[in-house]
Amino acid sequence: MTSRQFMWRIGRWLGVGLGLFVAAAGVAATNENQVVTTAHVSAKLVSESSVVAPGAKIWLGLHIRLLPDWHVYWRNPGDSGYPPALTWTLPAGARAGEIAWPAPQRIPFGPLTNFGYEKDVLLAVPIEIPADYAAQSFPVRLQAEWLVCAAVCIPESGSFALALPVAAQAQADVGQTALFTAARRATPTPVPPPGWSLSARVDQGLVSVSLVPAASAPPLAALSFFPFAEGLMHAAADQGFRQQPGGYALTLTGAEVPSGEWTALSGIMVATPDPARGAPPFAFTLEAPIAGAAPGAIRPASPAAPGAQATLAGHQGASALSLMAVAGLAFLGGMLLNLMPCVFPILSIKLLGLMRHAGEGAEGRRTSRKHALFYTLGVVCSFLGMAGLLLALQAGGASLGWGFQLQSPAFVGAMALLFFALGLSLSGALPIATLAQDVPGTWRLRHPDVDAFAAGVLAVLVASPCTAPFMGVALGAAFTLPAALTLVVFFALGLGMALPYALLAIMPSALSGLPRPGAWMQRLKEFLAFPLYATVVWLAWVLAEQVGASAILYLGGGLLVVAGVAWLLRLDQPFWRWGGVLALMCVGLTLLVSIPAPKPSASLSAQRESRTPWAPWSASALVAARAQHKAVFVDFTAAWCVTCQVNKRLVLSRDAVVADFARHGVHLMRADWTLHDPEITRELSTLGRSGVPVYALYPAHGEPVLLPEVLTHDSILAALARLPDSARQASVIPVPPDERS
């Protein structure tokens with residue numbers, strides 16, 4: 001949701017408090033009457049019959065007249081509001097049916113769109129009178145509640161009473177006949193007109209509706225679809241009405257925060273004939289399956305754009321200025337990424353190489369600069385490659401985000417083996433020059449540029465679990481842009497990450513304060529193996545979090561193979577050295593193919609949170625918590641995200657922080673993205689993010705507040721201070737008026 005939409009909604013509901021006083025002052029009748037008048041509405045209980053008969057079905061209705069610019073809501077209010085509620089008190093045996101809702105209209109309000117009625121509306125209800133009803137009068141009482149909105153929204157209510165005489169023969173009320181007749185014309189028919197056909201399917205993440213009218217139908221100037229269910233369709237999105245061979249088409253967009261899977265087109269269609277034909281608009285109810293509506297097939301509306309049908313030129317025009325800001329944030333985030341614990345081992349090894357060349361004069365400086373250039377190319381090309389792969393997978397329908405490769409246990413295990421091999425090499429136990437070992441070696445001396453490029457690639461691989469400050473906002477915005485602009489943002493991210501190393505290579509004077517190269521560098525190189533070993537321990541823990549404790553057995557076997565290879569390579573005789581390595585690799589591959597891989601357990605996340613105040617997150621659980629007038633704090637995290645784990649242990653696990661959440665009545669939820677979860681990916685996209693960590697505080701009503709990626713107790717307290725008074729809001733608006741989905 002954009003900041004503009006957020007301000008519109010906040011301003012709207014701030015007016016609720018003022019509106020209560022206006023409503024209280026404007027009610028002219030609080031006792032039971034046939035008419036209730038407020039400052040904005042005149043509501044009257046009306047009957048189609050002036051005399052009723054036993055066993056008859058009569059029609060009663062609440063006729064609401066509104067002042068200009070004010071409106072009330074349809075059964076699905078759209079982006080905000082809630083529909084009128086009618087509570088009947090009838091004689092024993094009598095029954096009231098459902099409201100016959102007239103077709104609504106789209107009511108834009110800033111970036112929002114509501115479904116409702118302006119000027120006036122009759123909410124008609126059928127009433128069945130018992131066949132054995134013997135009284136001479138049929139008394140009716142109605143308690144009605146409605147929300148009337150313009151610049152502010154005001155909850156109003158009224159009590160109505162009506163007594164109808166009873167006779168053997170019912171009689172129509174001539175004065176009300178025209179009103180009820182007009183309401184019936186505005187009520188949708190239960191099925192499409194004869195000869196009309198309709199179908200719906202998923203097309204590139206949107207719902208494409210095809211309507212073929214009867215041959216005798218007048219040409220249409222407009223079509224509008226109104227769904228019965230809330231939280232499935234984005235109400236404010238343009239519905240893309242257009243003619244096509246044989247009929248007409250609409251394009252519908254999924255809700256920003258879907259309340260469930262949208263599998264069927266259930267609602268009403270309002271058709272507006274060409275004005276030149278003089279035919280009035282008409283509406284009909286439709287029920288049609290959506291072909292291809294598999295889970296995740298319908299893409300949620302982007303919070304960065306009000307409509308899903310914006311053209312590429314429109315995107316470029318709207319985001320020309322913001323692109324510079326997003327790229328700037330990505331550049332800063334890339335620089336700060338060098339301070340994250342993921343990148344420290346690789347960057348430290350590269351700095352060793354710079355210090356070694358610092359005393360080699362002009363030739364050493366040229367070597368360092370060339371090395372820095374290829375390292376930068378490796379970093380930038382890796383970021384562009386990962387972004388391109390992610391964009392391609394998303395275009396193919398995959399629901400993925402930044403760091404998606406670490407959601408694969410196989411990738412995590414391979415990275416653990418690689419880091420173990422690198423650590424053994426730095427320790428001197430693996431006597432080969434590796435891609436990250438910046439020390440003399442045969443392979444490196446022959447291919448120094450490839451070595452530097454590969455070091456940049458490796459740095460990006462290990463940096464992908466981390467989200468530095470500014471980086472989360474930049475990546476979230478990047479994936480709302482066209483693909484070419486997304487790649488521009490990732491290019492800036494890569495430049496930012498490579499810049500510190502490149503500057504040190506270009507300006508060797510920055511290294512002048514360090515000791516001269518010597519034996520101490522060998523000891524430092526050996527010491528830097530320990531951060532790599534620590535990374536292996538961390539990746540082993542991630543693997544256990546993903547697939548359970550059995551993963552340790554599989555990873556341990558792989559580590560034994562790597563250690564065995566390191567030992568065999570130190571043998572003097574080539575036959576035993578290379579024969580042993582080949583045999584050991586064959587054994588490892590045989591075990592890898594023959595032993596079943598450990599299966600991820602869907603209950604792992606729930607087990608991890610079972611003894612904590614944190615409940616597992618799901619879209620439905622979040623909806624339920626907000627419906628109970630609770631503020632909800634959601635920790636979007638993953639086991640492979642180092643920043644997430646630091647925040648969890650240093651901030652979120654503290655008793656004082658948990659106590660502050662409890663004092664403010666905040667419900668705690670944790671969305672575990674360690675394994676691929678399309679539902680979490682969609683929620684992150686809705687929040688304008690593409691990776692973790694993300695910390696969102698959802699008030700009972702309104703838009704969520706996002707906290708910084710590097711979490712502190714003070715930032716949590718500041719967010720809690722922004723929460724509205726939930727109890728006061730509940731008394732003002734008895735049914736959640738906004739974000740009912």
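**A closer look at the overall build of the chain**
Here comes step 1: When helices and strands are counted, the chain shows 21 helices and 25 strands.
Here comes step 2: If you take every contact in the chain between residues at least 6 apart in sequence, the share linking residues at least 24 apart comes to 75%.
Here comes step 3: Of the roughly 32900 Å² of accessible surface on the chain, 64% is carried by carbon and sulfur atoms.

**Some words on the pairing of strand 2 (residues 41–47)**
Here comes step 1: Burial of strand 2 is extensive: five of the seven residues sit out of reach of the surface.
Here comes step 2: Where strand 1 (residues 35–37) and strand 2 come together, three bridges link them in antiparallel fashion. Bridge assignment links Thr 37 to a residue of strand 2, and that residue is Ser 42.
Here comes step 3: Where strand 1 folds back onto strand 2 in an antiparallel hairpin, the turn is made up of three residues.
Here comes step 4: In this structure, strand 2 lies alongside strand 4 (residues 57–66), joined through seven bridges in antiparallel fashion. Among the inter-strand pairings, Ala 43 is bridged to a residue of strand 4, identified as Ile 64.

**Side note on helix 2 (residues 174–186)**
Here comes step 1: Looking at helix 2, one finds that the buried residues are Gln 176, Leu 179, Phe 180 and Ala 183. The arc that holds every buried residue of helix 2, seen down its axis, measures 95°, which confines them to one face. Of the exposed residues in helix 2, the ones pointing more than 90 degrees away from its buried face are Val 174, Ala 178 and Arg 185.
Here comes step 2: Taken together, the buried residues of helix 2 touch strand 2, strand 4 and strand 10 (120–128).
Here comes step 3: By the N-cap criterion, in which a side-chain oxygen at the helix start approaches the backbone nitrogen of a residue two or three places on, helix 2 is capped by Asp 173, the distance to Gly 175 being 3.0 Å.

**Structural notes on unusual backbone geometry**
Here comes step 1: In this model, Asp 69 sits at a positive phi of 75°, which is unusual for a non-glycine residue.
Here comes step 2: With a relative accessible area of 66%, Asp 69 lands in the exposed category.
Here comes step 3: One non-glycine residue, Gln 204, lies in positive phi territory at about 55°.
Here comes step 4: If you trace the backbone, Gln 204 turns up in the loop between strand 14 (197–203) and strand 15 (206–212).

**Focus on the packing of aromatic side chains**
Here comes step 1: A complete count under the given rule lists 14 aromatic pairs for this structure.
Here comes step 2: Both rings, one in Tyr 133 and one in Phe 138, keep their centres 5.5 Å apart while their planes meet at 75°; by these two values the pair is edge-to-face. Of the two residues, Tyr 133 and Phe 138, both sit in the buried class.
Here comes step 3: Aromatic side chains Trp 614 and Phe 633 sit 6.0 Å apart centroid to centroid with 65° between the ring planes, which places their arrangement in the edge-to-face category. Taken together, the residues span a long stretch of sequence, with Trp 614 in the loop between helix 15 (604–609) and strand 21 (615–616) and Phe 633 in strand 22 (residues 631–637) at a distance of 19 residues. Across the pair, exposure class does not vary: Trp 614 and Phe 633 are buried alike.
Here comes step 4: What links up through ring pairs into an aromatic cluster is the set Trp 74, Phe 115, Phe 226 and Phe 228.
Here comes step 5: Directly above the ring of Phe 228 sits Arg 75, whose terminal nitrogen or CZ lies 4.0 Å from the centroid.
Here comes step 6: Here the basic side chain of Arg 670 rests over the ring of Trp 614, its NZ or CZ set 4.1 Å away from the ring centre.

**So, the pairing of strand 18 (residues 247–252)**
Here comes step 1: In terms of residue burial, strand 18 counts as a mostly covered element, since six of its six residues are buried.
Here comes step 2: Sheet topology places strand 15 next to strand 18; five bridges connect them, and they run antiparallel. Within strand 18, the position partnered with Val 207 by the bridge is Leu 252.
Here comes step 3: With three bridges connecting them, strand 17 (residues 242–244) and strand 18 associate as antiparallel partners.

**Quick word on the environment of Leu 717**
Here comes step 1: As for its position among the elements, Leu 717 is in helix 20 (residues 713–721).
Here comes step 2: Considered as a pair, Leu 717 and Val 657 are 60 residues apart in the sequence and their alpha carbons are 8.6 Å apart.

**As for the sheet that holds strand 18**
Adjacent strands of a sheet form backbone hydrogen bonds with each other and so pair up, either parallel or antiparallel.
Here comes step 1: Taken in spatial order, the seven strands line up as 16-19-20-14-15-18-17 in an open sheet, and their pairing is mixed. Lying at the two open borders of the sheet, with one neighbouring strand each, are strand 16 (220–227) and strand 17. On average, each strand axis in the sheet is tilted by 35° relative to the strand beside it, whichever way the strands run.
Here comes step 2: For strand 19 (residues 264–273) and strand 20 (residues 282–291), the ladder comprises eight bridges, and the chain directions are antiparallel. Across the sheet, residue Ala 264 finds its bridge partner in strand 20, namely Pro 289.

**Description of the environment of Phe 491**
Here comes step 1: Looking at where Phe 491 falls in the secondary structure, it is placed in helix 10 (residues 483–506).
Here comes step 2: When the C-alpha positions of Phe 491 and Ala 330 are compared, they lie 8.7 Å apart, and in sequence the two are 161 residues distant.
Here comes step 3: If we ignore the near neighbours within four places in the chain, the residues touching Phe 491 are Val 380 and Leu 384.

**Side note on the packing of helix 12 (residues 529–547) against helix 13 (residues 551–568)**
Here comes step 1: With their axes 9 Å apart at the nearest point, helix 12 and helix 13 run at an angle of 145° to one another. Considering the relative orientation of helix 12 and helix 13, their crossing is right-handed. In contact with Val 536, Ala 540, Leu 543, Ala 544 and Val 547 of helix 12, helix 13 contributes Ala 551, Ile 552, Leu 555 and Leu 559.

**Quick notes on the confidence of the model for the chain**
Here comes step 1: On average, residues of the chain carry a pLDDT of 76, and 72% of them reach 70 or more.
Here comes step 2: Confidence over residues 304–321 falls short of pLDDT 50; this stretch has 17 contacts with residues more than four positions distant or in other chains.

**Concerning the pattern of salt bridges**
Here comes step 1: A full pass over the atoms with the stated rule returns five salt bridges.
Here comes step 2: Between Arg 95 and Glu 128 there is a salt bridge, with its nearest N and O atoms 3.0 Å apart. With a gap of 33 residues between them, Arg 95 in strand 7 (residues 95–96) and Glu 128 in strand 10 connect regions that are remote in the sequence.
Here comes step 3: On the basis of relative accessible area, Arg 95 is assigned to the exposed category, the value being 55%.

**Considering the packing of helix 18 (residues 655–663) against helix 20**
Here comes step 1: Relative orientation of the contacting elements helix 18 and helix 20 amounts to 0°, with a least axis distance of 11 Å. Regarding the angle of helix 18 to helix 20, the classification is roughly parallel. The segment helix 18 lies against helix 20, with Ala 656, Val 657, Asp 660 and Phe 661 engaging His 713, Ile 716, Leu 717 and Leu 720.
Here comes step 2: The residue inventory of the contact of helix 18 with helix 20, partitioned by class, reads six nonpolar, one polar and one charged.

**Details of the environment of Arg 654**
Here comes step 1: Along the chain, the position of Arg 654 falls in the loop between helix 17 (642–652) and helix 18.
Here comes step 2: Sequence spacing of Arg 654 and His 713 is 59 residues, and the spatial spacing of their C-alpha atoms is 9.2 Å.

**Thoughts on the nonpolar core**
Soluble globular proteins: nonpolar side chains tend toward being buried together.
Here comes step 1: With 67 residues, the main nonpolar core has Phe 138, Trp 262 and Leu 265 as its most contacted residues.
Here comes step 2: When residues in this core are grouped by element, the largest group, six residues, is from strand 11 (residues 137–149).
Here comes step 3: In this view, Trp 262 contacts Val 207, Phe 225, Leu 232, Met 233, Leu 252, Thr 253, Gly 254, Ile 290, Ala 293 and Ile 298; residues no more than four positions away in its chain are not counted.
Here comes step 4: Counting residues in hydrophobic clusters, the runner-up holds 47 residues, among them Val 412, Leu 528, Trp 673 and Val 692.

Scoring rules and cut-offs
- Residues numbered from 1 in each chain as written.
- Predicted model: local features only at pLDDT ≥ 70, side-chain atom pairs only at ≥ 80, totals over all residues.
- Heavy atoms only, no water.
- Helix = DSSP H or I, 4+ residues; strand = E, 2+ residues; numbered from the N terminus.
- Contact = heavy atoms within 4.5 Å.
- Areas by Shrake-Rupley, 256 points an atom, 1.4 Å probe, with all protein chains shown as cover.
- Buried < 20%, exposed > 50% of the residue type's maximum accessible area, 1.4 Å probe, protein only.
- Pairing = 2+ DSSP bridges.
- Arc of directions from axis to C-beta.
- Polar contact = N/O pair within 3.5 Å; in protein donor to acceptor, adjacent residues only side chain to side chain.
- Phe/Tyr/Trp six-rings, centres within 6.5 Å; stacked < 30°, edge-to-face > 60°.
- Lys NZ or Arg CZ within 6 Å of the ring centre and 35° of its normal.
- Axes fitted to C-alpha atoms, helices over the stretch in contact; angles between N-to-C directions.
- Left-handed = near helix turned anticlockwise from the far one by under 90°.
- pLDDT = per-residue confidence, 0-100.
- Salt bridge = Lys/Arg side-chain N within 4 Å of Asp/Glu carboxyl O.
- Parallel < 35°, antiparallel > 145°, perpendicular 65-115°, else oblique.
- Nonpolar A, V, L, I, M, F, W, Y, C, P; charged D, E, K, R; others polar.
- Core = buried A, V, L, I, M, F, W, Y, C linked by side-chain atoms within 4.5 Å.

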